[in-house]
Amino acid sequence: MSARRVLVTGGAGFVGSHLVDALLARGDRVRIFDNLDPQVHPEGRRPHWMPSDAEFVQGDMRNADQVRASLEDIDVVYHLAAAVGVGQSMYQIADYTAVNTMGTAHLLQALVDDRNGPKKLTVGKLIVASSMSIYGEGRYARPDRQEPRGTLRPVDQLRAQQWEPRDVDGTELRPLPTDEGKPLDPTSIYALTKADQEKMVLQIGAAYGIPSVALRFFNIYGPRQALSNPYTGVAAIFSARLLNGQPPLIFEDGEQRRDFVSVHDVVQALLLAADQDAAAGKAFNVGSGRGVSVREVAETLARVLGSGIEAQVTGKYRVGDIRHCFSDISLAREVLGYEPRVTFEQGMEELVAWLQEQDRPQDGVEAHAAELAARGLTL
Ligand SMILES: NC(=O)c1ccc[n+]([C@@H]2O[C@H](COP(=O)([O-])OP(=O)(O)OC[C@H]3O[C@@H](n4cnc5c(N)ncnc54)[C@H](O)[C@@H]3O)[C@@H](O)[C@H]2O)c1
């Protein structure tokens, strides 16, 4: 069997670069399409980890012609390129929509136009990176086991530092693992664009018979995570603070729970999504299947780094933030055969070992916090 030709958009980034390594190791031929966004790649050139045996095309998802050209002679597309950041998306609305929603539109338009056209694009599989952010709040239960009618956190409640969501009648709710059937409720522009990307890919895939899969990633961490970017994962942000001798800044009370998944497990899910024919047309949660509090993240990182610096609980709240969301991964287990292998402790150790080899990252957290405050986006 001849090698598959695989396009990875965003292949210079954190998740994309690990995927590229895994594809090359399997014997695939890989093309990377990435604009080297300066926020992610402040050095302004290809990252040193980009393998020379992958073809690199520097191009922008906002440029329809460049996107179209990148698809020539490709069998499998992994669409990972995106503007990534919840807080930032709330003031760079047009940019996020242009890169994520319109970028995906350019990709799909090219596939549809050229499927039977002169270029004969022959893409046979399309996998898109979606996000847990599209759920908004995760699943909750009432004490009486009835279905909650809302997960409300009105501003007055937050000002009073009562963080747990309540049902419409004021009953406090208990968080449950979130499954794919949870109704979507994107609470930021970033989340809206991720929901757009997922639905656009699955709709066009179904309409034109291109097997397509959306993977809803939870909070991914691991080596090569962009540390200088203050808008991405909390583990990287906290690590950067600790390495700069600063306390991690925790919003609310630190008991909010998220699901931290190692980039190696995410790569496993990405490979399976293209391999398993039964995955076509579906969206899958890709997480660790376990909820961890933000306070535990800060404590684990400080322990692993041997730092005595304690996290600072700010009691502040960010517009668009949810309280709890962690994954139910039954569907991915069943259909993809996905099984997370890296425990939280192991993964944090790997992250920290990598961090210690890096130059001290500039941390932009305070500038980001000031930007949000100046725009009235923190309470
Ligand atoms: N990291 C996470 O925790 C997480 C969670 C949920 C979903 N995701 C999704 O996974 C995907 C990969 O995320 P990541 O963490 O690797 O992010 P990343 O920022 O490290 O990588 C994204 C890559 O896309 C490139 N890019 C950005 N704008 C582009 C444009 N206009 N044209 C071409 N390339 C562009 C960047 O240069 C970068 O190399 C994204 O779609 C993201 O929304 C990530």
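In this text the structure is predicted, and so the values were computed from the model without any measurement.

Caption draft 1: View of the pattern of salt bridges. Going through the model one piece at a time under the given rule, you end up with 25 salt bridges. Where Arg-62 meets Asp-60, a salt bridge forms, and the shortest distance between an N and an O atom there is 2.9 Å. Its relative accessible area of 18% is what places Asp-60 among the buried residues. What you see here is one network of salt bridges that share partners, running through Glu-137, Arg-153, Glu-164, Glu-252, Asp-253 and Arg-323.

Caption draft 2: Structural detail: the site of the ligand. Taken together, 29 residues lie near the ligand, and Asp-34, His-41, Leu-80, Tyr-190 and Lys-194 sit nearest. Interatomic distance of 2.9 Å between a backbone N/O atom of Ile-220 and an oxygen atom of the ligand. When the ligand sits alone it has 830 Å² of accessible area, and the protein chains cover 95% of it. Among the elements of the structure, α1 (14-26), β5 (125-131), α6 (189-208) and β9 (219-221) are those that each provide at least two residues to the shell around the ligand. With three residues, the single largest contributor to the shell around the ligand is β5. Among the residues making up the shell around the ligand, the classes are represented as 16 nonpolar, eight polar and five charged.

Caption draft 3: Structural detail: the packing of aromatic side chains. In the structure shown here, the tally under the stated rule is four aromatic pairs. Where Tyr-96 meets Tyr-190, the ring centres are 6.5 Å apart and the plane angle is 85°; that geometry is what we call edge-to-face. Of this pair, Tyr-96 sits in helix α4 (residues 93-114) while Tyr-190 is found in helix α6, placing the two residues 94 residues apart along the sequence. The same class applies to Tyr-96 as to Tyr-190, namely buried. With centroids separated by 6.4 Å and ring planes inclined at 40°, the aromatic side chains of Tyr-135 and Phe-218 adopt a geometry described as tilted. In this pair, Tyr-135 is assigned in the loop between β5 and β6 (140-141) and Phe-218 in the loop between β8 (212-217) and β9, connecting sequence segments 83 residues apart. Pair check on accessibility: Tyr-135 and Phe-218 agree, each one buried. Taken together, Tyr-221, Phe-260 and Phe-344 form an aromatic cluster joined through their ring pairs.

How each quantity is defined
Residues numbered from 1 in each chain as written. Predicted model: local features only at pLDDT ≥ 70, side-chain atom pairs only at ≥ 80, totals over all residues. Heavy atoms only, no water. Salt bridge = Lys/Arg side-chain N within 4 Å of Asp/Glu carboxyl O. Buried < 20%, exposed > 50% of the residue type's maximum accessible area, 1.4 Å probe, protein only. Near = heavy atom within 4 Å. Polar contact = N/O pair within 3.5 Å; in protein donor to acceptor, adjacent residues only side chain to side chain. Areas by Shrake-Rupley, 256 points an atom, 1.4 Å probe, with all protein chains shown as cover. Helix = DSSP H or I, 4+ residues; strand = E, 2+ residues; numbered from the N terminus. Nonpolar A, V, L, I, M, F, W, Y, C, P; charged D, E, K, R; others polar. Phe/Tyr/Trp six-rings, centres within 6.5 Å; stacked < 30°, edge-to-face > 60°.

These figures capture arrangement, not role.
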